[in-house]
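Below, each chain spelled out in residue letters.
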Amino acid sequence: MATALSPEKLKKQQARKEREIKKWEKQKARPKGNTYFWYLVLIIALIYAVDEIASQINSLMQTEIANDLIKSESSVTILNLLNVVAIPFQIVVIFYRPLADRFGRKKFLIINTFGMSLALFVIFLSNNVIMYFVGACAILFFVPHDMHVVYIMESAPSKSRAITYSVVKFFANMAVMLVPLLRRWLMSSAGEWRNVYIIPAFVGITVSLIALLCARETDAFIESRLRYLRMTEEELQAEEAKKKAQNSQGGVVDALKFGFSHKQLRWVFICFALAGIGVVGSMNYQAILTHGYALSNFGSNAKEFLDLVSVKQVSQALTLYPIGMALSQVIMGFISDKKGRKAAAITVATNCVVSFIIFTVGANMNLAPTLVGFFCGAFVGSYYSTNDVLIMMAGESAPTNLRSSATSAQTVVGFAGYAIGFSINTVLALIFGDGIIGTVALCLLVPSFVITLVALIKNTHDTRGLDLDKVTGTEWD
């Protein structure tokens, strides 16, 4: 039984509530211009672009970083293995992310954008593996928060939510083209890889300041928070009893309990974990390209020419990588809003498998780099789109007070799939060298995605067009 608060503490608590209510009411009452939504979309698109660049740039520069900082036949695998150092940061994210359900979306939109941009600048300045990992760990902490995605979900009209998301995502993915362009402009040799980081870092810091001045809190959060603050103690206790394990303002543990107690969220979580087994391909596509082209061009001497291949064929292939990625992802939004989230998930998962096979085989057969790069982007874009639509389904299958927490809970479950794929790849690559990564990724991704497709078809339901303010999470039980 909860300990009763003293009259003085109750009075202070009520005073804090009233101050917070006034604050949110004041923000809610602020007039919006007719163009605010489109202005917000522009800001979110810029932030999304920085997020996509920050999340992909280390992968796009993978072999150059590994060969410069680590001298080994398994340098890429060792670099990935060292990422275990970042696991504590990712665990903290699980508990950091739900804070947006308590303190608001805008604060974390700004903090995350500034944080990931500063991390890019740290990597630009790095001259050793320790400094590089300081920046890499910071990126891994700030990028998964995806507060810009929550902004889109809570600000866009329900009928065009997925299309808005996909158009913004398309722009963000096209912005990733900046990375291969900078590779060609600023890298005359593989050792100059750090030069590619400075421009994205500067853009990100600038955009975070623009968001600080111009973005507003989402209406959905303000309404949810005001409802919570206006509840009496008796109403809070009744709500807690009714929802049992749910926390009235979010929490990853409560979201896990809630998710696995209800069919829809449970299977969306499981599908997310199954898809995660194929993470090796999405982590190491640049290494797969490099080793594939080196082997097809130089045969048994491939290891001696990795740097040459990375500057020439790989940089050329990566030029069309963002286009393949952007097109594969924008398709998801249109299918999602026209045919449903479930249909979109099935489509992008299938495209993921087909594109992966084409790009992997193409690199090893020395096909045109632009063609291979396009399908490499299509594979990675479809892989991310599969995760994105599953995240969207989880968010739309959870009540507002647990929406952000549910996506954190989904990440926890997803770690199981990531761990399986990462562990198998690490052991085999340390034994046989980085050249085997493509084969391992093929053997992991194809079966895991086939099982994911079966689970999606048989055990999940569509969430298109739902009123997010009315979702309880129990509709599909």
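We now turn to the structure provided with this report. (Residues numbered from 1 in each chain as written. Predicted model: local features only at pLDDT ≥ 70, side-chain atom pairs only at ≥ 80, totals over all residues. Heavy atoms only, no water.)

### Brief notes about the overall build of the chain
Of the regular secondary structure elements, the chain holds 23 helices and zero strands. Relative to a compact globule of 477 residues, whose C-alpha radius of gyration would be 23 Å, the chain shows 23 Å and is just as compact. Once local pairs closer than 6 in sequence are excluded, the contacts in the chain between residues at least 24 apart make up 84%. As displayed, the chain has an accessible area near 20,000 Å², and 66% of this comes from carbon and sulfur atoms. One finds the centroid of the 44 positive side-chain charges in the chain at a distance of 4 Å from the centroid of its 33 negative side-chain charges. (Helix = DSSP H or I, 4+ residues; strand = E, 2+ residues; numbered from the N terminus. Rg over C-alpha atoms; globule rule 2.2 N^0.38 Å. Contact = heavy atoms within 4.5 Å. Areas by Shrake-Rupley, 256 points an atom, 1.4 Å probe, with all protein chains shown as cover. Lys, Arg positive; Asp, Glu negative; His and termini not counted. Charge placed at Lys NZ, Arg CZ, Asp CG, Glu CD.)

### Side note on helix H13 (residues 219–229)
Ala220, Phe221, Ile222, Ser224, Arg225, Leu226 and Leu229 are the residues of H13 that are buried. As for H13, its buried residues are in contact with helix H1 (7–29), helix H6 (100–103), helix H7 (105–125) and helix H9 (147–155). (Buried < 20%, exposed > 50% of the residue type's maximum accessible area, 1.4 Å probe, protein only.)

### Here we look at the nonpolar core
In terms of nonpolar packing, the biggest core is built from 126 residues, with Met61, Tyr132, Trp193, Leu289, Tyr321 and Phe359 touching the most fellow members. No other element matches helix H2 (residues 36–60), which puts 14 residues into this core. Other than its neighbours up to four places away in sequence, Met61 contacts Val179, Arg183, Met187, Trp193, Val196, Tyr197 and Gln286. Formed by six residues, the second largest nonpolar core is a distinct cluster that contains Trp24, Phe221, Ile222 and Leu226. (Core = buried A, V, L, I, M, F, W, Y, C linked by side-chain atoms within 4.5 Å.)

### Points about the packing of aromatic side chains
Under the criterion given, the structure shown has 20 aromatic pairs. Between Phe121 and Phe124, the ring centres sit 6.0 Å apart and the planes meet at 35°, which makes this aromatic pair tilted. Of this pair, Phe121 and Phe124 both sit in helix H7, three residues apart, which is roughly one turn of the helix. Between Tyr132 and Trp193 the ring centres are 6.2 Å apart and the planes differ by 85°, which places this aromatic pair in the edge-to-face class. In this pair, Tyr132 is assigned in helix H8 (residues 129–142) and Trp193 in the loop between helix H11 (178–186) and helix H12 (198–214), connecting sequence segments 61 residues apart. The two residues Tyr132 and Trp193 agree in class, both being buried. Three or more aromatic residues link up through ring pairs in this structure, and these residues are Phe356, Phe359, Phe379, Tyr383, Tyr384 and Phe449. Over the ring of Phe103 we find Arg102, and its NZ or CZ is 4.7 Å from the ring centre. Directly above the ring of Tyr36 sits Arg216, whose terminal nitrogen or CZ lies 5.8 Å from the centroid. (Phe/Tyr/Trp six-rings, centres within 6.5 Å; stacked < 30°, edge-to-face > 60°. Lys NZ or Arg CZ within 6 Å of the ring centre and 35° of its normal.)

### Re unusual backbone geometry
We note that Asn366 has phi near 60°; this positive angle belongs to a residue other than glycine. The exposure class of Asn366 is partly exposed, given its relative accessible area of 36%.

### Examining empty space enclosed by the protein
The full count for this structure, using the stated rule, is five cavities of 30 Å³ or more. In terms of lining residues, the largest cavity is bounded by Arg97, His145, Asp146, Val149, Val150, Met153, Glu154, Ile391, Gly395, Arg403, Ser404 and Thr407. Where the lining of the largest cavity is concerned, the elements lending two or more residues are H9, helix H21 (369–396) and helix H22 (403–432). With four residues, H9 is the single largest residue contributor to the lining of the largest cavity. Counted by class, the lining of the largest cavity contains four nonpolar, four polar and four charged residues. (1 Å grid on protein atoms, 1.4 Å probe; cavity = no way out; pocket = protein on both sides within 12 Å on 5 of 7 lines; lining within 4 Å. Points joined across faces, edges and corners; volume = space filled by probe spheres on them. Nonpolar A, V, L, I, M, F, W, Y, C, P; charged D, E, K, R; others polar.)

### Focus: the environment of Ile270
Here Ile270 lies in helix H16 (residues 263–276). For the pair formed by Ile270 and Ala172, sequence separation is 98 residues and the distance between their alpha carbons is 28 Å.

### Section: the packing of H21 against H22
At a closest axis distance of 9 Å, the pairing of H21 and H22 adopts a crossing angle of 135°. Looking at the two axes, H21 sits oblique to H22. Crossing handedness for the pair H21 and H22: right-handed. Counted together, Tyr383, Leu390, Ile391, Ala394 and Gly395 of H21 and Arg403, Thr407, Gln410 and Tyr418 of H22 form the full contact between these two elements. The class makeup of the residues in the contact of H21 with H22 is five nonpolar, three polar and one charged. (Axes fitted to C-alpha atoms, helices over the stretch in contact; angles between N-to-C directions. Parallel < 35°, antiparallel > 145°, perpendicular 65-115°, else oblique. Left-handed = near helix turned anticlockwise from the far one by under 90°.)

### Section: helix H20 (residues 341–364)
End to end, H20 covers 35 Å across 24 residues, agreeing with the expected 34 Å (1.5 Å per residue, within 8%). Positive backbone phi, approximately 60°, marks Asn366, located one or two places after H20. (Expected span 1.5 Å × (residues − 1).)

### Considerations on the side chain of Thr360
Turning to its location among the elements, Thr360 is positioned in helix H20. With sequence-adjacent residues up to four places away left out, Thr360 is seen in contact with Ile288 and Gly438.

### Notes on the side chain of His148
The topology assignment puts His148 in helix H9. In this view, His148 contacts Ile44, Ile47, Tyr48, Asp51 and Leu109; residues no more than four positions away in its chain are not counted.

### A closer look at the environment of Ile130
Mapped onto the fold, Ile130 is located in helix H8. Through-space distance from the C-alpha of Ile130 to that of Leu69 is 9.7 Å; in sequence the pair is 61 residues apart.

### Remarks on the pattern of salt bridges
Per the stated rule, a full pass over the model turns up twelve salt bridges. For Glu20, the salt bridge goes to Arg102, with nearest N and O atoms at 3.6 Å. You can see Glu20 sitting in helix H1 and its partner Arg102 sitting in helix H6, a full 82 residues away along the chain. With its nearest N and O atoms 3.1 Å apart, the salt bridge here joins Lys169 to Asp388. Taken together, the residues span a long stretch of sequence, with Lys169 in helix H10 (residues 161–175) and Asp388 in helix H21 at a distance of 219 residues. Of the two residues, Lys169 and Asp388, both sit in the buried class. (Salt bridge = Lys/Arg side-chain N within 4 Å of Asp/Glu carboxyl O.)

### Some thoughts on the environment of Phe170
Residue position: Phe170 is located in helix H10. Note on Phe170: relative accessible area 29%, which makes it partly exposed. Taking the C-alpha atoms as reference, Phe170 lies 8.8 Å from Ile323; in sequence the two are 153 residues apart.

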